[in-house]
Amino acid sequence: MDYFYNDALRWSFGFDNPNKAAVLFACALPLAWAAWALAWRSKGRLARGMAASLSALLVLAAAGLLFKTYSRGGAVAGACALAYMLIRAWSGGALRDWKPKRVRLIAEGLLLAAIGGMLWWTGLAGRLLEPVEGAGDASVENRLVLWKRGLQMAADNPAGFGAGRSGAAYMNWYQPVEMTAGYRTMVNSYLTALVEWGWPAFGMAMLAAAFCWGWGNPARGDSAGGDAASGLRAAILAFAAAGIFSTTMEEGVLWILPGLCLLVLLGWSVIERRPLSAALPSMAAAVGGCAILYAAGGILSARDDERRQFSASAAERGSVRIGPQNASGEEWVVVPDEAVLGASCGKLLRPLAKSLRVRLNVRSSAPRAPGQLMLAGDAVRDAGIHGARRLVLLAPEAMEPSRADALLGGAAHALIFVPDIDEDGRAEFWRGVASDRKGVEVVTVEGVGRQVDWGWEQVIERLRRASKE
């Protein structure tokens, strides 16, 4: 798939998303800058000038390729990496006693100005300023909603939703009903891992990362080794920063460059015999950061009008209980079918629960003798259920008449919603089965076929009336 920004093609370099390609060059940029810094330590004016010129071209090439991806996250990651290197150099006393200090300062300013000019020339600077100018950037606004809900998801389900399920869980149970954007992940590498893995695994991963960052910090001070270590650490920082804005860390190839940098730093720290206690501040910061995120998710969950409960028991694995905060004590068991309610059935069921002021127990199969039961599509195959006080069928598929009789015979009241456009004969079948039965009503959902979500307002209105009867 090709991506564009204002008719300009965003270069993806073979990746499925330009944001992933941007990570590669955001990591390469500080390494090129480290080469440029090391070039100034060359002996002799001619050698120093040639090395500095060639390495400056490498810096500009890395920056130019990064900007052609038009990735704001990548640009921010690259800027963070360069800022880290500059701060580390000057805070460590770099260049303090250098004779060519003035020349290098001028060259450094010119190189930074050239990078800024490329940023403006490509148009990426304008894209970075869009959210600041209040242009109504949907990409940024949707991310903010997604990330806020992601913290809430982690607080509501600390054990995690499982690998590859974060996007579906968000769209079903957390995405505002009026929003229609589709998601596969949380568009944030860290939140995706947190929501899918759960707090225990995520916390351990953050502690391990904090240890590596705190301990893998050799060759500090003003030296050639300091310049090299600064570039290696900045490349890792760029990789980490880029993961905030997109789910880039799922791409295994992108781990190679920062992974090699980390191995070099750790090996270097072993040679220097760095004390393990050097990692304690960063590990403490990681614990504090996780605590803040968990508290923020808990606060967001407490302020939400909807209540969600995700089962961790083996018997009810995957089940979700959802309802409004002011729900009555009544609970409905719902067994959905994507062919009838769509892949994001939760976005239909949540307004239903709010309208009826009930709690819905959404699960893959129905228990025996539930009080109120709603079956959609092929969920009616389990026809051995008896004793439901109220039975609601949503576009149920046709089945053997004897099994249909057993299903309806076990319910005190039954409401069957059938599609107006009878694609496979299911509407005709259930009208025939229910024709001579008392306590069974067949309702036609006007203007829809098997997928009744298009007429969901009709279903909610009829169930609202039925709850008052």
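Here goes a summary of the coordinates provided. (Residues numbered from 1 in each chain as written. Predicted model: local features only at pLDDT ≥ 70, side-chain atom pairs only at ≥ 80, totals over all residues. Heavy atoms only, no water.)

Right, let's talk about the environment of Ala155 for a bit. Along the chain, the position of Ala155 falls in helix α6 (residues 138-156). The class for Ala155 is buried, based on a relative accessible area of 17%. In this structure, the C-alpha to C-alpha distance between Ala155 and Val195, residues 40 residues apart in sequence, is 9.0 Å. Every residue in contact with Ala155, bar those within four places of it in the chain, is listed here: Trp199, Tyr294, Gly297 and Gly298. (Helix = DSSP H or I, 4+ residues; strand = E, 2+ residues; numbered from the N terminus. Buried < 20%, exposed > 50% of the residue type's maximum accessible area, 1.4 Å probe, protein only. Contact = heavy atoms within 4.5 Å.)

Helix α2 (residues 45-67) packs onto helix α1 (residues 18-39) with a crossing angle of 165° between their chain directions and a minimal axis gap of 8 Å. By the angle class used here, α1 and α2 are roughly antiparallel. α1 and α2 meet at a crossing whose hand is left-handed. Note on element contacts: α2 touches α1 through Arg48, Ala51, Ala52, Ser55, Ala56, Leu58, Val59, Ala62, Ala63, Leu65 and Leu66, opposite Ala22, Phe25, Ala26, Ala28, Leu29, Ala32, Trp33, Ala35, Trp36 and Ala39. (Axes fitted to C-alpha atoms, helices over the stretch in contact; angles between N-to-C directions. Parallel < 35°, antiparallel > 145°, perpendicular 65-115°, else oblique. Left-handed = near helix turned anticlockwise from the far one by under 90°.)

A few words now on the pairing of strand β7 (residues 372-376). Summarising burial for β7: five of the five residues are buried, a large majority. With burial as the criterion, each face of β7 is covered, one bearing Gln372, Met374 and Ala376 and the other bearing Leu373 and Leu375.

Bringing the packing of aromatic side chains into the picture now. Enumeration over the complete set of coordinates arrives at 14 aromatic pairs. Here the aromatic residues Trp11, Phe13 and Phe25 are joined through ring pairs into a cluster of three or more. Positioned above the aromatic ring of Trp213, the side-chain terminus of Arg233 is 3.7 Å from the ring centre. It is Arg308 that lies over the ring of Tyr174; its NZ or CZ is 4.2 Å from the centre. (Phe/Tyr/Trp six-rings, centres within 6.5 Å; stacked < 30°, edge-to-face > 60°. Lys NZ or Arg CZ within 6 Å of the ring centre and 35° of its normal.)

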